[in-house]
Amino acid sequence: MKKGLILLLGVLLLAGCGGGKKVYRLDPETQTDLSGRWNDTDARLVAQEMITDCVARAWITDFAARAGKVPVVTVGTIRNMSSEHIDTETFTTDFERELINAGKVRFVASRDQRQEIRDERFEQQDFASKETMKQIRNETGADFILLGSIKTIADEAEGTKVMYYQTDLEMIDIETTEKVWIGTKKIKKEISKSKTKW
């Protein structure tokens, strides 16, 4: 009886503790800036502007006219050189999806993905049937690689902080190392809060 009463009190206590929390579902396109740090809105703005600019430039049509096919691209390292944790895949995935869906380029797997796929292919050599086994050394080589970085500059005085983000992306010809496209997106935010230590 005593154990049952203690258990009941524990359940009621836990239920009471969670009573103050409210969760609201938001449209993913809704702009939210709670902390002033890099967020999903910033990633979306970078992706949209970069994609529009990249598709509008001549490197794609120049390559297609010269090679008779659409270019094949892979995503390399997007370096986070900022003072914050930023998941760069949030906009590089958007970049890949939009360019693939537009039929402008073809994408091959990134370096990490390729290694995982190769491991699977090597495993198939021992364990898959000859009819379903995939061939080694039959990958599509990329013509271009997308590289880039995100940098930040912070400035603050008397309860106001300004965060400046600059994202730079470059499309580079793998064979010649020629840079065929450079895109830059800048975002600047002012965060005001009285008597705050950042």
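None of these values were measured; they are calculated from a predicted model. (Residues numbered from 1 in each chain as written. Predicted model: local features only at pLDDT ≥ 70, side-chain atom pairs only at ≥ 80, totals over all residues. Heavy atoms only, no water.)

### Here we look at the confidence of the model for the protein
Working step 1: Of the residues in the protein, 88% reach a pLDDT of 70 or more, and the chain-wide mean stands at 86.
Working step 2: Mean pLDDT values over the elements of the protein span from 52, in helix α1 (residues 2-17), up to 96, in helix α3 (residues 59-67). (pLDDT = per-residue confidence, 0-100. Helix = DSSP H or I, 4+ residues; strand = E, 2+ residues; numbered from the N terminus.)

### Focus on the nonpolar core
Working step 1: By size, the foremost hydrophobic cluster in this structure holds 29 residues, and its most contacted members are Trp38, Trp59, Phe91, Phe95, Leu169, Met171 and Trp181.
Working step 2: In terms of residue count, helix α2 (residues 40-56) provides more of this core than any other element does, six residues in total.
Working step 3: Not counting chain neighbours up to four residues away, the residues in contact with Phe91 comprise Trp38, Ala43, Val46, Ala47, Ile78, Ile150, Thr167 and Leu169. (Core = buried A, V, L, I, M, F, W, Y, C linked by side-chain atoms within 4.5 Å. Buried < 20%, exposed > 50% of the residue type's maximum accessible area, 1.4 Å probe, protein only. Contact = heavy atoms within 4.5 Å.)

### Quick notes on the packing of α2 against helix α4 (residues 89-101)
Working step 1: Where α2 meets α4, the closest approach of the two axes is 9 Å, and the angle between their N-to-C directions is 35 degrees. As α2 packs across α4, the resulting crossing turns out to be right-handed. Residues Ala43, Val46, Ala47, Met50, Ile51, Cys54 and Val55 of α2 lie in contact with α4, whose contacting residues are Thr90, Phe91, Asp94, Phe95, Glu98 and Leu99.
Working step 2: Here the residues of the contact of α2 with α4 sort into ten nonpolar, one polar and two charged. (Axes fitted to C-alpha atoms, helices over the stretch in contact; angles between N-to-C directions. Left-handed = near helix turned anticlockwise from the far one by under 90°. Nonpolar A, V, L, I, M, F, W, Y, C, P; charged D, E, K, R; others polar.)

### A closer look at the side chain of Asp168
Working step 1: As for its position among the elements, Asp168 is in strand β4 (residues 160-173).
Working step 2: Among the polar contacts made by the side chain of Asp168, one reaches the side chain of Lys151 at a distance of 3.5 Å.
Working step 3: Engagement of the side chain of Asp168 in a polar contact is seen with the side chain of Gln166, the distance being 3.1 Å.
Working step 4: Each residue touching Asp168, except ones within four places of it in the same chain, is listed here: Met50, Leu147, Gly148, Ser149, Lys151, Gly183 and Thr184. (Polar contact = N/O pair within 3.5 Å; in protein donor to acceptor, adjacent residues only side chain to side chain.)

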